Amino acid sequence: MTVPSLDSFNRIVVKIGSALLVDQTAGRLKSAWLTSLVDDLARHAARGAEIVVVSSGSIALGRTMLKLPRGALRLEDSQAAAAVGQIALARAWSEALGAHGLSAGQILLTLGDTEERRRYLNARATVARLLALKAVPVVNENDTVATQEIRYGDNDRLAARVASMASADCLVLLSDIDGLYTAPPALDPAATLIPLVERVTPAIEAIAGGAASEFSRGGMRTKIEAARIATGAGAHMLIASGKVMSPLSVVEGGGRCTWFLPHDSPGQARKRWIAGVLSPRGAIFVDSGAASALNRGRSLLPAGVVRVEGHFSRGDAVVVRAPDGVEVARGLVSYDSADAVRLLGQPSAAIEGILGFKGRPAIIHRDDLVLTGA
Ligand code: GLU
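Predicted, not measured: the structure shown is a model, and the values here were computed from it.

Novice: Explain the site of the ligand residue by residue, including any values.
Specialist: Taken together, 11 residues are adjacent to the ligand, and Gly57, Ile59, Asn140, Asp143 and Asn155 come closest. Take serine 56: an N or O atom from its side chain is 3.4 Å from an oxygen atom of the ligand. Note that an oxygen atom of the ligand is positioned 3.1 Å from one of the side-chain N or O atoms of serine 58. Taking 300 Å² as the accessible area of the ligand by itself, protein coverage stands at 96%. Taken together, the residues that form the shell around the ligand break down as 1 nonpolar, 7 polar and 3 charged.

Printed below as a string of structure tokens:
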């Protein structure tokens, strides 16, 4: 079994969890650790790799600075903590990277920036420009404006979306655990580390418990979801311990970790984005003939649609489901839901007569469609 080497990657996204960067009792930044990590990052930058940082820690830092009580924070308090903590966090990154002559560029993203195509393209262009200018994008969720319903809440999935957005070839999740285990090690002493995951199967998903502490939000479940997104976008993913100094050097020296291999073909960026949409706007149920046509690479025509669920607009991402409800594909829909309902089961030639305008012959064109079923 050959495991990849970090040196073989050209664009690496590194996600750092709050618990690694912020001392839980003092609520202070762990500067010595940050310096040791940035030494590692600078070494990769010096060999020509591009680095993107996804850093948590704004809420953890800000809550101490504002002397907020321990335990779960109310939404407005975590928004305030993020506002205060993010400045300190960005400054720490800027200074640490600056010591190596690297410029840090702060990017604060909301869920909509990765889910809406126009905003996604904007954010992607900014990341690309920063990298072209040899700056290091330092990304976090914009927790100050994020609300409970409209947020990632964990930086594992955010980092995976950023890796996909940046067409990165490697995503590193540094966390307080050194990899994926056959069972939660705290509960099962016989649990063993899985060094290599070739594919994120339902069995792998089942291994990941949902445990997430208040301090660090991402449990193993969000890491496996991140793996699904990142590997589907053609990136390798690594889970490694950040509880050691110079964590990337430790991995390179043979330290314990779990690698996830990407699917064989990276696919087009457009398709990556479609496949990873976290909150599709609706569902289109198709008959079995249409489901098998999609599996043969065809577009979805109105004739094969039996039911439409949800309210969506033209261009939104929707899930395509087989008659039994199983997900077959995801795609960008060519019609608003109201029009799609009127086209149910109709031949494409009838579209103009029904809607009064000459629309696209397909409800979802094959270029806008990604097969996501098993
Ligand atoms: N965005 C949050 C913060 O910076 C952290 C989310 C996470 O830990 O995954 O505080």
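Picking up where we left off.
Novice: Describe in detail the packing of aromatic side chains, supporting the description with residues and values.
Specialist: The tally for this structure, following the rule as stated, stands at 1 aromatic pair. Lying over the aromatic face of phenylalanine 285, arginine 307 brings its terminal NZ or CZ to 4.0 Å of the ring centre.

Novice: Kindly report on the pattern of salt bridges, identifying the contributing residues and their values.
Specialist: Enumeration according to the criterion identifies 15 salt bridges in this entry. We note a salt bridge from glutamate 50 to arginine 11, for which the minimum N-O separation is 2.7 Å. Residue glutamate 50 is found in strand S2 (residues 50-55), and its partner arginine 11 is found in strand S1 (residues 11-16); the two are separated by 39 residues along the sequence. Exposure remark for glutamate 50: the relative accessible area of 22% places this residue in the partly exposed category. The exposure class of arginine 11 is partly exposed, given its relative accessible area of 23%. In this structure, lysine 223 and aspartate 156 form a salt bridge, with 3.1 Å as the shortest nitrogen-oxygen distance. Within this pair, whereas lysine 223 is found in helix H9 (residues 220-232), its partner aspartate 156 is found in helix H7 (residues 155-165), the two being separated by 67 residues in sequence. Connected via shared salt-bridge partners are Lys15, Asp156 and Lys223.

Novice: An account of the side chain of asparagine 140 is requested, with residue identities and associated values reported.
Specialist: The residue asparagine 140 is located in strand S4 (residues 135-141) in this model. Sequence-distant contacts of asparagine 140, defined by excluding residues within four places in its chain, comprise Ser55, Ser56, Ser58, Gln86, Leu89, Ile107, Leu108, Leu109, Asn155 and Leu158.

Novice: Requested: an account of the side chain of arginine 63, with residues and values cited.
Specialist: Locating arginine 63 in the fold gives a position in helix H3 (residues 58-65). What arginine 63 contacts, discounting residues up to four positions off in sequence, is Leu68, Pro69, Arg70, Gly71, Leu73 and Ala81.

Novice: Before we move on, can you summarise the packing of helix H2 (residues 31-46) against helix H4 (residues 75-98) with the specific residues and values?
Specialist: In contact at an axis separation of 9 Å, H2 and H4 are set at 50 degrees when each is read in the N-to-C sense. Between H2 and H4, the angle falls in the class oblique. Where H2 crosses over H4, the two elements pack in a sense that is right-handed. Contacts between H2 and H4 involve Leu34, Leu37, Val38 and Leu41 on the former and, on the latter, Ala92, Trp93, Ala96 and Leu97. Partitioned by chemical class, the residues of the contact of H2 with H4 number 8 nonpolar, no polar and no charged.

Novice: Lay out the nonpolar core in plain terms, naming residues and giving numbers.
Specialist: In summary, soluble globular proteins display a tendency toward joint burial of nonpolar side chains. Formed by 46 residues in total, the largest nonpolar core has its most connected members in Val139, Leu171, Leu180, Ile224, Met237 and Phe260. Residue contacts for leucine 171: discarding those within four places in its chain leaves Val13, Ala159, Ala160, Ala163, Ala230, His236, Met237 and Leu238. Of all hydrophobic cores here, the second largest spans 36 residues; its members include Trp33, Ala92, Leu196 and Trp259.

Novice: Talk me through the confidence of the model for the protein chain; I want residue IDs and the actual numbers.
Specialist: Residue-level pLDDT values for the protein chain average 89, and 94% of them are 70 or greater. Between residues 210-217, whose pLDDT stays under 50, and residues either more than four places distant or in other chains, the model counts 18 contacts.

Novice: Give a description of the sheet that holds strand S5 (residues 170-175) that names residues and reports values.
Specialist: Strand order in this open sheet of 8 strands is S3-S4-S2-S1-S5-S9-S10-S8, and the pairing throughout is mixed. Looking along the sheet, the strands with just one partner apiece sit at the ends: strand S3 (103-109) and strand S8 (196-197). Looking at chain direction, S2 and S4 are connected through 2 bridges and run parallel. Among the inter-strand pairings, valine 53 is bridged to a residue of S4, identified as valine 138. Sitting on the sheet, H9 is in contact with S5, strand S9 (236-241) and strand S10 (257-260), with an inclination near 155 degrees to S9.

The rules behind each value
- Residues numbered from 1 in each chain as written.
- Predicted model: local features only at pLDDT ≥ 70, side-chain atom pairs only at ≥ 80, totals over all residues.
- Heavy atoms only, no water.
- Near = heavy atom within 4 Å.
- Polar contact = N/O pair within 3.5 Å; in protein donor to acceptor, adjacent residues only side chain to side chain.
- Areas by Shrake-Rupley, 256 points an atom, 1.4 Å probe, with all protein chains shown as cover.
- Nonpolar A, V, L, I, M, F, W, Y, C, P; charged D, E, K, R; others polar.
- Phe/Tyr/Trp six-rings, centres within 6.5 Å; stacked < 30°, edge-to-face > 60°.
- Lys NZ or Arg CZ within 6 Å of the ring centre and 35° of its normal.
- Salt bridge = Lys/Arg side-chain N within 4 Å of Asp/Glu carboxyl O.
- Helix = DSSP H or I, 4+ residues; strand = E, 2+ residues; numbered from the N terminus.
- Buried < 20%, exposed > 50% of the residue type's maximum accessible area, 1.4 Å probe, protein only.
- Contact = heavy atoms within 4.5 Å.
- Axes fitted to C-alpha atoms, helices over the stretch in contact; angles between N-to-C directions.
- Parallel < 35°, antiparallel > 145°, perpendicular 65-115°, else oblique.
- Left-handed = near helix turned anticlockwise from the far one by under 90°.
- Core = buried A, V, L, I, M, F, W, Y, C linked by side-chain atoms within 4.5 Å.
- pLDDT = per-residue confidence, 0-100.
- Pairing = 2+ DSSP bridges.

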